Amino acid sequence: MREFAGKGNFIVTIDGPAGVGKSTLAKRLAKHLGIAYLDTGAMYRSLALHAGAGVADLSDAEMREMFTAYSYALKKEDDQYALYFNGKKIGEEIRTEKAGRLASVVAKIPEVRKALQKFQREIGEETALVAEGRDMGTVVFPYAPVKFFLDARPEVRAKRRYDELTGKGQQEKYEDILQNIIARDEQDRNRAADPLAPHENAIIVDTSELDIEGVFQELVRHCQIVAAGDK
Ligand SMILES: Nc1ncnc2c1ncn2[C@@H]1O[C@H](COP(=O)(O)OP(=O)(O)OP(=O)(O)O)[C@@H](O)[C@H]1O
Ligand SMILES: Nc1ccn([C@@H]2O[C@H](COP(=O)(O)O)[C@@H](O)[C@H]2O)c(=O)n1
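Residues numbered from 1 in each chain as written. Chains lettered and ligands numbered in written order. Predicted model: local features only at pLDDT ≥ 70, side-chain atom pairs only at ≥ 80, totals over all residues.

**A word on the UniProt feature "binding site: ATP" (unreviewed entry) in the chain**
Move 1: Per the UniProt entry, the sites bearing "binding site: ATP" (unreviewed entry) are Gly-16, Pro-17, Ala-18, Gly-19, Val-20, Gly-21, Lys-22, Ser-23 and Thr-24 in this numbering.
Move 2: Here Gly-19 is to be found in the loop between strand E1 (11–15) and helix H1 (22–33).
Move 3: Here Gly-19 falls in the buried class, since 24 other C-beta atoms lie within 10 Å of it.
Move 4: Mapped onto the fold, Val-20 is located in the loop between E1 and H1.
Move 5: The exposure class of Val-20 is buried, given the 28 C-beta atoms found within 10 Å.
Move 6: Once residues lying within four places of it in the same chain are set aside, the contact partners of Val-20 are Leu-150, Asp-151, Ala-152, Arg-157 and Thr-207. (UniProt positions renumbered as here; feature names shortened; annotations may be inferred. Helix = DSSP H or I, 4+ residues; strand = E, 2+ residues; numbered from the N terminus. Buried ≥ 20, exposed ≤ 12 C-beta atoms within 10 Å, placed from the backbone. Contact = placed C-beta atoms within 7 Å.)

Rendered as structure tokens:
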């Protein structure tokens, strides 16, 4: 299912708040559909770690200059897709609560958003995608035939993240993770540039009471409905 009767490559978008399961589900759905997976949060995280919060103090001209030296690439390696920033594979270094907070600060800057959205659209022109983030359905790929918005209560998301991080040996307190999630939700939903919100045609899935398999089946069901209507 690489193309559809609309414009360009087949794109599925998954947006939603922090820790709702976007990466987990996008990766799985992309594999199921046989198309690429794009984690746009990783683009903001790697940029934030590289450039720091000082990006906010750059002039528009300095910002443009900075982005001419930056590059992102999505590469297929074995049966997985890997994202590269400035020629280096993005790895586990971005998967910390601190990197998420910093990314959320950098993501408020309109010039940063415009530059990353341009990279994201270019990737979408090259290949069919399941693209996940905060503005995939609303801003970057509004013409995508299937647009999902995942949601879940902050306490549920915090518990899932806590289990994940403690499972990896990271020492985090549940209460700190919850506060971080609430603060990031607040920042992402209320920023002036491309705030987190569902597209008017998005399929909204509340995952609070569903396990990963339950959410996956729901997403596949909707993709099949759209694919059947597209024949
Ligand atoms: N429906 C679910 N039931 C139980 N656990 C889940 C569910 N969905 C996701 N998880 C788990 O929750 C954690 C967060 O998921 P994931 O990293 O995919 O979220 P995310 O939306 O991409 O987060 P972020 O926006 O912070 O990058 C992971 O440990 C994942 O395995
Ligand atoms: N399309 C996107 C993706 C991410 N952001 C911002 O980056 C932060 C980190 O994203 P994760 O999905 O990896 O948690 C996030 O809190 C957003 O502020 C974005 O703005 N747009």
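**Points about the sheet that holds strand E3 (residues 72–77)**
Move 1: A sheet is described by the order of its strands in space; here three strands give the open sequence E3-E4-E5, paired in antiparallel fashion. Of all strands in the sheet, those bounded by a partner on one side alone are E3 and strand E5 (88–89).
Move 2: Here six bridges tie E3 to strand E4 (residues 80–85), and the two strands are oriented antiparallel to one another. By the bridge assignment for E4, Lys-75 is matched with Ala-82. (Pairing = 2+ DSSP bridges.)

**Quick word on the site of ligand 1**
Move 1: Every one of the 18 residues lining ligand 1 counts as a neighbour, but Gly-21, Ser-23, Thr-24, Arg-160 and Glu-164 are closest to it.
Move 2: Residue assignment for the shell around ligand 1 shows that the elements contributing at least two residues are H1, helix H7 (154–167) and helix H9 (212–229).
Move 3: For the shell around ligand 1, the per-class residue count stands at five nonpolar, eight polar and five charged. (Near = placed C-beta within 6 Å. Nonpolar A, V, L, I, M, F, W, Y, C, P; charged D, E, K, R; others polar.)

**Some thoughts on the site of ligand 2**
Move 1: As a matter of local geometry, ligand 2 sits amid 14 residues, with Gly-41, Tyr-44, Ser-104, Ala-107 and Gly-133 nearest to it.
Move 2: Residue assignment for the shell around ligand 2 shows that the elements contributing at least two residues are helix H2 (40–51), helix H4 (97–106) and helix H8 (174–190).
Move 3: Here the residues of the shell around ligand 2 are counted per class, giving four nonpolar, five polar and five charged.

**Things to note about the environment of Thr-127**
Move 1: Examined against the element boundaries, Thr-127 turns out to sit in the loop between helix H5 (110–126) and strand E6 (129–133).
Move 2: For Thr-127, a count of 16 C-beta atoms within 10 Å gives the class partly exposed.
Move 3: Separated by 56 residues in the primary sequence, Thr-127 and Ala-183 place their C-alpha atoms 34 Å from one another.

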